[in-house]
Structures are given as structure tokens and as C-alpha cells.
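The primary structure of each chain is shown beneath.
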Amino acid sequence: MSPERTRPDPSVHWDDVYTRLTDTEVSWYEASPESSLALLDAAGATPEMAVVDIGAGASRLVDALLARGFSDVTALDVSDGGLARSRERLGPDAGRVRWEVADLLGWQPHRRFGVWHDRAVFHFLVDPGDRARYRSLLSAALEPGAIAVIAAFAPDGPQMCSGLPTERYSPSELADTIGEEFDVVSSRLANHLTPAGVLQPFTWVALRRPT
């Protein structure tokens, strides 16, 4: 019998990133989450739906969702460093968001959601067992008819990001990897320009769980 694999604590890595860099210096920074919003719109997300933003960090998505009238928003990240910056940025509106500090792969969803958003967590899951755990969490966290908007590096995207290896996917590969439980609603390729001026190609998919 092989020994059980021990995963390093990812909070150590990401806490260090947020200690060294401001939220506008990290490679994934974007002033406005245009691709996220476009895919959410394409999938039919509405303000009545409960949203969980996976790997939310200091992302501006929570700001955009609140501005659009979403009232049930959960922001989850392994590092409180990024979430703290979002809370500070939002000021009094931070109380309108549920903040959860957790390693996604060890997270236990406390409820079911109507929308799962993940802009840049899935491509860090290079181990098949971690991807299987992700799919299990996705299934457990989403209600029937729910939407999942997931982005990962495209086939010509970087093999390393923030000092970690990544997996890269075409739209069909990403949808197939997530699993047959979901129907593809929309997909696209989009380029992200980092604050350092580096172009990162992304694959985006919007999926729907059948009712």
C-alpha cells in the first residue's frame, strides 16, 4: 500500500504572495471582471441566485456583483490576505458578503449555491486526485439548474504561475474534465494582460447543471 499523499499547506504560499505584492501587482489583477460577467450573463445568472466565488482573493468580482444587485455572495479563498483587501476596499458593503477562509480541497460547503465562479483556481490542480476532489465539491455545492463559470489557462498559456505549475485546457478539454454532469452553455478564449505587461491566454466555460 502506498503512503497517503501529504499536500503542502497552500495558505503559506498565497499568504506570502499577498505579503509581497499589492492586490494591483498580482498577475491576475484586473480592474473590471469583464470575462467573468460576460460568461455569467451568457449562462443566465440573476441577482436572486446565491453565488460562491472560488479563490476570490482581492478580485473585484464581489464589487461588481453587489453593484448588480446580488445579495447572497460568498467569497472563498485559502488566504485571508486577499480577502482582507477586498473587505477594506468595500468598506461598509463588506458586511453584505460572506467571507470564508479555507483550502478549497478541504472545504465543506455549508449549503448549496446557484452559481459557482472560479477564475483561476482549477488550473493549479495538477494532480488527478485534486481534480477529482474539485469535481466532488462542485457537485455537492451546486443545486439543480445551477451555473458554473470556470476559467483556466488555455493551451498556449503559461506552464507556471505565481511559482506553481499549471494545467492548460482548450474549451472542450476543460468542459470534459469538469465532467458530463454539466451541459456547456458558452465558452470562449480570452487574453488577460497582467500588470507586468504579460499576455496570458485563458479558456472560459459556462456550464449548467441539469434540473
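Here, residues in each chain are numbered from 1, in the same order as that chain's written sequence. Given that the model is predicted, a residue must reach a pLDDT of at least 70 before its local features are reported, and side-chain atom pairs must reach 80 or more before they are shown or counted; all residues, however, enter totals for whole chains, interfaces and linings. Calculated side-chain values reflect all of the structure's heavy atoms, with hydrogen atoms and water omitted.

A.B. asks: Explain the pattern of salt bridges to me, and be specific about the residues and the numbers.
C.D. replies: When a carboxyl oxygen of Asp or Glu is within 4 Å of a side-chain nitrogen of Lys or Arg, the pair counts as a salt bridge. Tallied over the full model, the rule gives nine salt bridges. Measuring nitrogen to oxygen at the nearest pair gives 3.0 Å for the salt bridge that ties Asp80 to Arg87. Salt-bridge contacts for Arg209 lead to Glu181; the nearest nitrogen and oxygen are separated by 2.6 Å. Taken together, the residues Arg209 in the segment after β9 (199–208) and Glu181 in the loop between α6 (171–178) and β8 (183–193) connect sequence positions 28 residues apart. Only protein chains enter the accessibility calculation, which uses a 1.4 Å probe; a residue is then buried when its area is under 20% of its type maximum, exposed when over 50%, and partly exposed in between. Classification of Arg209 as buried rests on a relative accessible area of 11%. Helix and strand labels come from DSSP, where a helix needs a run of H or I of at least four residues and a strand needs a run of E of at least two; each type is numbered from the N terminus.

A.B. asks: Please provide a residue-by-residue account of the packing of aromatic side chains, values included.
C.D. replies: Each Phe, Tyr or Trp ring, with Trp reduced to its six-membered ring, pairs with another whose centre is within 6.5 Å; inter-plane angles below 30 degrees give stacked pairs, above 60 give edge-to-face pairs, and intermediate values give tilted ones. Counted under the stated rule, the structure contains six aromatic pairs. For the pair Trp107 and Trp116, a centre-to-centre distance of 6.4 Å together with 50 degrees between the ring planes defines the contact as tilted. Accessibility assignment for this pair places Trp107 and Trp116 in one class, buried. Taking the centre distance of 5.6 Å and the plane angle of 35 degrees together, the rings of Phe122 and Tyr169 count as tilted. Note that Phe122 is positioned in the loop between β4 (113–118) and α5 (128–141) and Tyr169 in the loop between β7 (164–165) and α6, a separation of 47 residues in sequence. Each member of the pair, Phe122 together with Tyr169, is buried. Each member of the aromatic cluster is reached from another via a ring pair, and the members are Trp107, Phe113, Trp116, Phe122, Tyr134 and Tyr169.

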